[in-house]
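Chains, contacts and geometry: an overview
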Amino acid sequence: MATSLGSNTYNRQNWEDADFPILCQTCLGENPYIRMTKEKYGKECKICARPFTVFRWCPGTRMRFKKTEVCQTCSKMKNVCQTCLLDLEYGLPIQVRDTGLSVKDEVPRSDVNKEYYTQNMEREIANSDGTRPVGQLGKAPSSSDMLLKLARTTPYYKRNRPHICSFWVKGECKRGEECPYRHEKPTDPDDPLADQNIKDRYYGINDPVADKLLKRASTMPRLDPPEDKSITTLYIGGLGDTVTDGDLKSHFYQFGEIRTITIVQRQQCAFIQFATRQSAETAAEKSFNKLIINGRRLTVKWGRSQAARGKEGIKDGVSEMGTRLDPVPGLPGALPPPPALDEEPPANYFNLDPSSSPAVMNIALPPPPGINPPPPGFGPPIFHHMGPMAPPMPPPMSMRPPGQIHYPSQDPQRMGAHAAHGARHGD
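Residues numbered from 1 in each chain as written. Predicted model: local features only at pLDDT ≥ 70, side-chain atom pairs only at ≥ 80, totals over all residues. Heavy atoms only, no water.

Observations concerning the layout of surface pockets
Short version of the rule: Think of a 1 Å grid over the protein atoms and nothing else: a 1.4 Å probe that fits but is trapped marks a cavity, an open set flanked by protein within 12 Å on at least five of seven lines marks a pocket, and residues with an atom within 4 Å of a point count as lining. Grid points are joined across faces, edges and corners, and a volume is the space filled by probe spheres set on the points. Numbering of helices and strands runs from the N terminus; a helix is a DSSP stretch of H or I covering at least four residues, while a strand is a stretch of E covering at least two.
Reported here for the largest pocket is a volume of approximately 1,700 Å³. Forming the boundary of the largest pocket are 36 residues, of which Arg64, Arg159, Leu193, Gln196 and Val209 lie nearest the centre. Of all the secondary-structure elements, those providing two or more residues to the lining of the largest pocket are β3 (66-67), α9 (198-203) and α10 (208-219). Counting residues per element, the lining of the largest pocket draws most heavily on α10, at four residues.

Considering the packing of helix α4 (residues 94-101) against α10
Helix packing geometry: the angle between the two helix axes and the distance between the axes. We count it as follows: Whenever a helix is involved, its axis is fitted only over the stretch in contact; in every case the axis is a line through C-alpha atoms, and angles between N-to-C directions fall within 0 to 180 degrees. Comment on the angle field: the value is read as roughly parallel under 35 degrees, roughly antiparallel over 145, roughly perpendicular from 65 to 115, and oblique elsewhere. Should any heavy atoms of two residues lie within 4.5 Å, those residues are considered in contact. Three classes are used, and their members are as follows: Ala, Val, Leu, Ile, Met, Phe, Trp, Tyr, Cys and Pro are nonpolar, Asp, Glu, Lys and Arg are charged, and the others, Gly among them, are polar.
Across the interface, α4 lies against α10 with an axial gap of 8 Å and an inter-helix angle of 40°. Of the possible angle classes, the one that applies to α4 and α10 is oblique. Contacts between α4 and α10 involve Gln95, Val96 and Thr99 on the former and, on the latter, Ala210, Asp211, Leu213 and Leu214. Its residues assigned to classes, the contact of α4 with α10 comprises four nonpolar, two polar and one charged.

Focus on the pairing of strand β9 (residues 299-302)
What counts, and what does not: Three labels apply to residues, based on accessible area from a 1.4 Å probe with only protein chains included: buried if under 20% of the type maximum, exposed if over 50%, partly exposed otherwise in between. When DSSP finds two or more bridges between two strands, those strands count as paired.
Here β9 shows a clear split, with Val300 and Trp302 buried on one side and none of Thr299 and Lys301 buried on the other. As judged from the four bridges shared by strand β4 (residues 233-237) and β9, these two strands associate in the antiparallel manner. Within the sheet, the bridge partner assigned to Ile236 lies in β9 and is Val300.

Comments concerning the packing of aromatic side chains
Counted only if it meets this: Between 30 and 60 degrees the pair is tilted, below 30 it is stacked and above 60 it is edge-to-face, where a pair is any two Phe, Tyr or Trp rings, Trp via its six-membered ring, whose centres lie within 6.5 Å. Throughout this description, the term charge over a ring refers to an Arg CZ or Lys NZ atom that lies within 6 Å of the ring centre and within 35 degrees of the ring normal.
Within this structure, the stated rule accounts for five aromatic pairs. Residues Phe252 and Phe274 carry aromatic rings whose centres are separated by 6.3 Å and whose planes lie at 65° to one another, so their mutual orientation is edge-to-face. Placement of the pair is Phe252 in helix α11 (residues 245-252) and Phe274 in strand β6 (residues 269-274), with a sequence separation of 22 residues. Each member of the pair, Phe252 together with Phe274, is buried. Above the plane of the ring of Tyr203 lies Arg109, whose end atom (NZ or CZ) is 4.0 Å from the centre. For Lys170, the ring lying beneath its charged end belongs to Phe167, and the centroid distance is 5.1 Å.

Focus on unusual backbone geometry
The phi dihedral of Tyr41 is positive, around 55°, even though this residue is not glycine. By secondary structure assignment, the location of Tyr41 is in strand β1 (residues 36-44). For Tyr41, a relative accessible area of 28% corresponds to the partly exposed category. Despite not being glycine, Ser102 shows a phi value in the positive range, around 55°. Structurally, Ser102 is set in the loop between α4 and α5 (111-127). What makes Ser102 exposed here is its relative accessible area of 67%.

Let's talk about the nonpolar core
Inclusion rule: Residues enter a nonpolar core if they are buried and are Ala, Val, Leu, Ile, Met, Phe, Trp, Tyr or Cys, with the set joined through side-chain atoms within 4.5 Å.
Residues Leu234, Ile236, Leu248, Phe252 and Phe274 are the most contacted members of the largest nonpolar core, which totals 20 residues. When near neighbours in sequence (up to four residues on either side) are disregarded, Leu248 contacts Ile236, Leu239, Val243, Ile261, Ile263, Ala270, Ile272, Ile293 and Leu298. One finds Cys45, Cys48, Cys74 and Ile94 within the second-largest nonpolar core, a separate group that totals 18 residues.

Some remarks on empty space enclosed by the protein
For the structure shown, the criterion picks out one cavity of 30 Å³ or more. Size it by volume and the largest cavity reaches roughly 130 Å³. If you trace the largest cavity, you find 15 residues lining it, with Met77, Lys78, Asp105, Tyr117 and Gln136 closest to the centre. Counting residues per element, the ones that place at least two in the lining of the largest cavity are α3 (72-78), α4, α5 and α6 (136-139). Taken together, the residues of the lining of the largest cavity sort by class into seven nonpolar, two polar and six charged.

Focus: the pairing of β6
With five bridges connecting them, β4 and β6 associate as antiparallel partners. Following the sheet pairing, Gly237 is matched in β6 by Cys269. Summarising the sheet, strand β5 (residues 258-264) and β6 pair through six bridges and their orientation is antiparallel. Its bridge partner being in β6, Thr260 is matched across the sheet by Gln273.

Some words on the sheet that holds β4
Ordered by their spatial adjacency, four strands build an open sheet running β5-β6-β4-β9, and the pairing between neighbours is antiparallel. Bordering the open sheet on either side are β5 and β9, each of which pairs with just one other strand. The average angle at which neighbouring strand axes cross in this sheet is 20°, direction not considered. Contacts between α11 and the sheet are confined to β4, β5 and β6, with β5 contributing the most and set at about 145° to the helix. Across the sheet, helix α12 (residues 277-287) is in contact with β4, β6 and β9; its angle to β9 comes to roughly 145°.

Set out below in structure tokens:
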């Protein structure tokens, strides 16, 4: 359908004619001297479908040529780069930034409402100084802890590399080193990062890069305040010998009134008690995982109430501050308890059978040095229990008949005694 002359003239007045694009440091490249080509009304914006000035340049050696994809009005409404559509302040996708700042996207999807919304935003942009975002983003809080942790602080020039050569993948590329595309194996086609859409990136929906970053943010450690509202004490660990109470006071006094600061030099930790719970929560949120004093990174945790600390103490491998203690390898196990006194077993030092009949064995111990041994037969006998199968022992010297001498080889119970006796009589 043809448009009227008046509406066509009005639409041409809203076409964009810019002198320089709005780009991030990564898209500009590491070369400070860039040659750009400018094409006035070269393409239509992929968001609002209005013609705009297209810029094209090469960000560096062995990099692919890049160009602007959206107009500057759509870029200013979201505070994003015209090429990669990432946030200019944090370098993150729009979905991640809006989630961190709790900003709701209000850009309409239909053509008529989108045109009306864009005209209102253009008037707001014209009335602003250009240093702050406009719309809902300008009313959002200045920063977020999650965004500060996920933000990219240095340019990522690897994003400007050429695309993969499809002919090389099929084994048909004949350019060799002169090929401007990458000769590498492609990634898994089932990888969600391989399917990205520029409109999903701009509206902050179904962005696979944003989903990956949000999952990473959900697994990052965080410090949740305890349920007991009476706890206003923070535990500061890893002080060392260089951090004093004055250093702690100068840092934490900005969050609220401090009641007491207790430093335990033996454990190199400190306990800071605030006057209000709100001050303690603010200090914990602003200092967790990013507190550095005198070059030392300190640990920030919530303290525990005196009642809970007195009742529980340390049990099940959990310390007083709530941290789980790892077992020390190489330590012996617990010793068994000693037997009860009323059930003391008999002293059987030789592991003899208690049901066997005892036998008597005459074994004389050598006398101590300096004392003459007693004559045979007069020494005190020492008795030991023998088993039931033991051979009978010879009688003592005092009970033997006169003139009979006992020889061990003539013992009838000794093995080979009869044979030796018969051989002696035969001789």
